[in-house]
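The primary structure of each chain is shown beneath.
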Amino acid sequence: MDADQPPDDRRWRRLHVLVLLVLAALIGAFTLITKLFDERLPP
Amino acid sequence: VTALDWAVLSGTLLAIVAWGVWKGRGVHTADAYLRGGKDLRWWTIGLSIMATQASAITFLSLPGQAYQGGLGFVQFYFGLPVAMVLLSAIILPIYHRLKVYTAYEYLETRFDRKTRQLTALLFLISRGLAAGVSIYAPAIVLSAVLGWPLQLTNVAIGAAVILYTVTGGARAVARTQTQQMTVILGGMALAVVFLWHLLPDGLRLGEALHLAGAFGKMKIVDWSPRVDTRYTFWSGMTGGLFVQLAYFGTDQSQVQRYLSGSSLAESRLGLLMNGIVKIPMQIAILFVGILLFVFYQFHAPPLTFDSAAWKKTPPAAAQALESEWQGEIAGRRRAVDDYLAALRRGAPTDVERRAIAAADARSEAVRVRAQKLVSASRSGVEASDTDYVFIRFILEHFPAGLIGLLIAVILCAAMSATAAALSSLGQTTLVDFYRPRHPDRDDPHYLRAARGFTVGWGLVAVGFAAFASLLENLIQAVNILGSIFYGPMLGVFLVGFFIKRVKGNAAFTAVLLAQAAVVAAWAFSGIGFLWYNVIGCAVVVVMGLLLQLFVE
């Protein structure tokens, strides 16, 4: 750990934002799938 | 289970155990044993984190859960990527800067030794019991469906795990977890391929999904703000975030995994890999359940999947329900055929959809009565039929060889979760309790002590699994027990990280009060146990602040 380069904060921030964007994209895709295929009606 | 299955199963498991022992043979220092020599790259850490969280019950019950309730359970994991980002950005750099072995060491630098040891003790109790469950839960399912002797299965799983965990410590755990995850992911992918192959010829993916959707299985995201629905977007992003933050941030069985990284960057990347891959993996496992559901629209499903439990019900009542079930299933099949015909003509109307929903409600009513019959004949034990859906399907419909591989998947998951638990329990016992009391011993002494503690915890886990086999109700109590300790544990860490004015005495007393509050909530109120986390955490924060003001 001591041999690490000084942390490149901006790069890590971008990576963290990317993970959250992937989450948003997954939730978006899941919402779309729900809209397309969830067609249950009350009996 | 054929000879080929036994060959695949024993070959896979023996190879992994031997690999673990082989990889761990170079462990000659306490540091290598406890932190794997800190030489792990990010993908090993990521796989190791995922293998630790995925227990056997994940693979046994998730497909069953989707089969019964649809894909909505995945929302529980929506908070996980956020938790990974928070850990990577805020908490992990602190652990790395302090060069800690366990998360609880941080609490001594921030508060004092008694707060550290109290929190470490809460971890030892909850994880020690959970390690027993991670052995016992698959053992009971496999013994029920395969007729394996239950106690022998407990001992065999425990002994295999103890062998390589004690030999190679954290390094062997991480290396074997990589192999175990490969078996798990490969086995599940093959299961999807074969399952698809078993569906009727000419059925297209879109049709299968529409059919599952007509039964309400395709509701993945529920945006409604209802609090009485367990899995919604909102509960996943709040309660789910809470649970994942507590689990990954304060449970040493996970902290040990990512602190074995060769650098802060590798540890961070491992966590973020988990943040990206976990939800797709969970939805894929749940999707197996959807394919199973579609399969059972064209083949009559059993009334209950736990056939051993079903055989213990009164024969007359069971017979009556069985014939009622056959009638409802035939009616459901007609509704399905009408729906598919309409789908192929163009679009089904509400007439076909309502027919599906009505047929589903009628068959579901029979199934619920069957579950009640099973529960009544097992002295008040809640029937958990979902755990048996996937394994029974595997045994009845998959070809020889694949059955062995999928049982290996389940046992790999059991071993990976148990190994991480035992390794971290031994580590915490040494680092947070033994070494502070005996600070002047040499390194070989600590290595021997760490191995001894790991064996000790392994025996506790196997012993508890054997004991739990005698008392089925205990298992439910233990599941709740996990939630009892997480709230106060997360609370004291959050106070440590974010509320600088609270000092050791106030934090220590606040944890004790929070623990008492959660136990009181468990004993005297009907509050759902997922809320114990919130209560415990909130009491630590509020009481910590109040006591600090009062003391000052």
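Here is what the cut-offs are and how they apply
Starting afresh in each chain, residues are numbered from 1 along the sequence in its written order. The naming scheme follows written order: chains are lettered A onward, ligands numbered 1 onward. In view of the model being predicted, local features appear only for residues whose pLDDT reaches at least 70, and side-chain atom pairs are presented and counted only at 80 or more, with totals across whole chains, interfaces and linings using the full set of residues. Heavy atoms from the whole structure form the basis of all side-chain values; hydrogens and water molecules are not counted. The helix count covers DSSP runs of H or I at least four residues long, the strand count covers runs of E at least two residues long, and both are numbered beginning at the N terminus. For every residue, the accessible area obtained with a 1.4 Å probe (protein chains only) is divided by the maximum for its type, and the residue is called buried under 20%, exposed over 50%, and partly exposed between those limits. Both definitions apply: the radius of gyration is a C-alpha atom measure, and the globule rule equals 2.2 Å times residues to the power 0.38. Contacts: residue pairs with any heavy atoms within 4.5 Å of one another. The protein chains shown are the only cover counted for residues, whose accessible areas, like all others here, come from Shrake-Rupley with a 1.4 Å probe. How far a helix is expected to stretch is found by multiplying one less than its residue total by 1.5 Å. What the arc describes is the spread of directions from the helix axis to the C-beta atoms. Note on definitions: salt bridges are taken to be side-chain nitrogens of Lys or Arg within 4 Å of carboxyl oxygens of Asp or Glu. Like charges within 9 Å and nonpolar side chains (Val, Leu, Ile, Met, Phe, Trp, Tyr) within 5 Å are joined into patches, using only residues over 30% in relative accessible area that form no salt bridge. Between N-to-C directions, angles cover 0 to 180 degrees, with each direction set by a line fitted to C-alpha atoms, over the stretch in contact for helices. An angle below 35 degrees is treated as roughly parallel, one above 145 as roughly antiparallel, one from 65 to 115 as roughly perpendicular, and anything else as oblique. Handedness of a crossing is defined here by the sense of rotation of the near helix relative to the far one, left-handed for an anticlockwise turn of less than a right angle and right-handed for a clockwise turn. Gly falls in the polar group here, along with every residue not listed as nonpolar (Ala, Val, Leu, Ile, Met, Phe, Trp, Tyr, Cys, Pro) or charged (Asp, Glu, Lys, Arg). The term buried area refers to how much accessible surface (probe radius 1.4 Å) is lost by two components on association, counted for both of them together. Here a polar contact is taken to be a pair of N or O atoms separated by no more than 3.5 Å, where protein atoms must pair a possible hydrogen donor with a possible acceptor and residues adjacent in sequence count only if both atoms sit in side chains. His is not counted, nor are the chain ends, whereas Lys and Arg count as positive and Asp and Glu as negative. Lysine's charge is taken at NZ, arginine's at CZ, aspartate's at CG and glutamate's at CD. Centre distance within 6.5 Å is the pairing criterion for rings of Phe, Tyr and Trp, where only the six-membered ring of Trp is used; planes under 30 degrees apart are then read as stacked, over 60 as edge-to-face, and the remainder as tilted. Two conditions define a charge located above a ring, namely a distance within 6 Å from the ring centre to NZ of Lys or CZ of Arg, and an angle within 35 degrees of the ring normal. Among buried residues, the Ala, Val, Leu, Ile, Met, Phe, Trp, Tyr and Cys ones that are joined through side-chain atoms within 4.5 Å form a nonpolar core. A residue's pLDDT is the predictor's confidence in that residue, given on a scale from 0 to 100.

What am I meant to see in the overall build of chain A here?
The helix and strand inventory of chain A stands at one helix and zero strands. With 43 residues in all, chain A has 28% of them scored as buried.

Whenever I open this one, the overall build of chain B confuses me. Can you help?
Along its length, chain B carries 21 helices and zero strands. The C-alpha radius of gyration of chain B comes to 24 Å, within 12% of the 24 Å expected for a compact globule of 552 residues. Seen through its C-alpha atoms, chain B measures out along the principal axes to roughly 75 × 55 × 45 Å. The buried share among the 552 residues of chain B stands at 59%. In chain B, 85% of the contacts between residues at least 6 apart in sequence involve partners at least 24 apart. If you sum the accessible surface of chain B, you get close to 20600 Å²; carbon and sulfur atoms cover 66% of it.

Would you mind going over the environment of B:L211 with me for this structure?
All names here are of chain B. Within the element layout of this structure, L211 appears in helix α9 (residues 205–214). According to the relative accessible area criterion, L211 is buried, its value standing at 0%. Separated by 86 residues in sequence, L211 and Q297 place their C-alpha atoms 9.1 Å apart.

I'm lost on helix α20 (residues 504–524) of chain B in this one. Help?
Helical periodicity: at 3.6 residues per turn, an α-helix aligns residues three or four positions apart in one direction. Residue and element names in this part refer to chain B. Across its 21 residues, α20 extends 30 Å between first and last C-alpha, which sits within 8% of the 30 Å expected from 1.5 Å per residue. G504, A506, A507, A510, V511, A514, Q515, V518 and A521 are the residues of α20 that are buried. Take α20 and look down its axis: the buried residues cluster within an arc of 165°, on one side only. Away from its buried face by more than 90 degrees, α20 exposes N505 and F524.

Would you mind showing me how to read the pattern of salt bridges here?
Working definition: two side chains of opposite charge can pair if their charged atoms are close together. Residue and element names in this part refer to chain B. Throughout the structure, instances matching the rule amount to 20 salt bridges over all chains. A salt bridge links E328 to R362; its shortest N-O distance comes to 3.2 Å. Within this pair, whereas E328 is found in helix α14 (residues 315–345), its partner R362 is found in helix α15 (residues 350–376), the two being separated by 34 residues in sequence. Classification of E328 as buried rests on a relative accessible area of 18%. Salt bridges linked by common partners bring E108, R113, R116 and D432 together as one network.

Help me understand a nonpolar patch on the surface, please; the structure alone is not making it clear to me.
A surface patch of nonpolar side chains, about 250 Å² in accessible area, is lined by B:L86, B:I90 and B:F498. Here B:I90 shows up in helix α5 (residues 79–98).

So what exactly am I meant to see when it comes to the packing of helix α8 (residues 150–198) of chain B against helix α12 (residues 264–298) of chain B here?
Helix-helix packing: each pair is described by the crossing angle between the helix axes and the interaxial distance. Residue and element names in this part refer to chain B. Look at α8 against α12: their axes get within 10 Å of each other, and the N-to-C directions meet at 25°. In this view, α8 runs roughly parallel relative to α12, as classed from their interaxial angle. As for how α8 packs across α12, the hand of that crossing is left-handed. Where α8 abuts α12, its residues M181, L185, M188, V192, L195, W196 and L198 lie against M281, I285, V288, L291, L292 and F295. The residue inventory of the contact of α8 with α12, partitioned by class, reads 13 nonpolar, no polar and no charged.

Hey, could you run me through the interface of chain B and chain A in this one?
Chain B puts 45 residues into the contact, and the matching count from chain A is 24 residues. The three residues of chain B that bury the most area against chain A are B:V85, B:I276 and B:R354, which together make up 14% of that side's buried surface. Inspection of the region where chain B meets chain A yields two salt bridges. Viewed at the interface, chain A and chain B are joined by 11 residue pairs in polar contact (both at pLDDT 80 or more).

Is there a simple way to explain a positive patch on the surface in this structure?
All names here are of chain B. A cluster of basic residues, R97, K500, R501 and K503, forms a positive patch on the protein surface. Note on placement: K503 falls in the loop between α19 (473–498) and α20. Among the residues examined, K503 registers a relative accessible area of 45% and is labelled partly exposed.

Sorry if this is basic, but what is going on with unusual backbone geometry here?
For residues besides glycine, phi is generally negative; the peptide bonds are generally trans as well. All names here are of chain B. The backbone of K99 sits at a positive phi, close to 55°, despite the residue not being glycine. Relative to the helices and strands, K99 is located in the loop between α5 and α6 (103–110). When its relative accessible area of 46% is taken as the criterion, K99 is described as partly exposed.

Before we go on, may I ask you to explain the packing of aromatic side chains in this structure?
All names here are of chain B. Overall, the coordinates contain 33 aromatic pairs over all chains when judged by the stated rule. Ring pairing ties together the aromatic residues Y67, F194, F215, F293, F295, Y296, F305, F393 and F398, which thus form one cluster. Between R435 and the ring centre of Y101, over which it is positioned, the NZ or CZ distance is 5.0 Å. Between R435 and the ring centre of Y446, over which it is positioned, the NZ or CZ distance is 5.6 Å.

Looking at this structure, how should I read helix α16 (residues 386–397) of chain B?
Taking 1.5 Å of rise per residue, the 12 residues of α16(B) would be expected to cover 16 Å, and the 17 Å separating its terminal C-alpha atoms lies within 8% of that figure. Where the residues of α16(B) are buried, they touch α4 (56–69), α7 (113–146), α8, α12, α13 (307–311) and α17 (402–437) of chain B.

Sorry, what's going on with the nonpolar core here?
Where a protein is soluble and globular, its nonpolar side chains tend to be buried together. One finds A:F30, B:Y95, B:Y258, B:F398 and B:F493 to be the most contacted residues of the largest nonpolar core, which totals 171 residues. Contact partners of B:Y258, with chain neighbours within four places excluded, come to B:I45, B:I49, B:L87, B:L92, B:Y95, B:F248, B:G249, B:S267 and B:L271.

Help me understand the environment of B:G401, please; the structure alone is not making it clear to me.
All names here are of chain B. As for its placement among the helices and strands, G401 is situated in the loop between α16 and α17. For G401, a relative accessible area of 11% puts it in the buried group. Linking G401 and T2, residues 399 residues apart in sequence, is a C-alpha distance of 7.8 Å. Residue contacts for G401: discarding those within four places in its chain leaves L4, D5 and V8.

Mind showing me how you'd approach the environment of B:E266 here?
Residues and elements named next belong to chain B. Within the secondary structure layout, E266 lies in helix α12. Exposure remark for E266: the relative accessible area of 11% places this residue in the buried category. Taking the C-alpha atoms as reference, E266 lies 32 Å from G456; in sequence the two are 190 residues apart. Setting aside chain neighbours within four positions, we find E266 in contact with L40, R41, W42 and I45.

Please clarify how the confidence of the model for chain B should be interpreted in this entry.
Detailed reading of the predicted model is not advised wherever pLDDT is low. Mean pLDDT over chain B: 91, with 96% of residues reaching 70 or higher. Listed scores for the predicted complex are pTM 0.91 and ipTM 0.90.

Could you clarify how one ought to interpret the side chain of B:E207 in this entry?
Residues and elements named next belong to chain B. Within the secondary structure layout, E207 lies in helix α9. Classification of E207 by relative accessible area gives buried; the value is 6%. A distance of 3.0 Å separates a polar atom in the side chain of E207 from the backbone nitrogen of R204.

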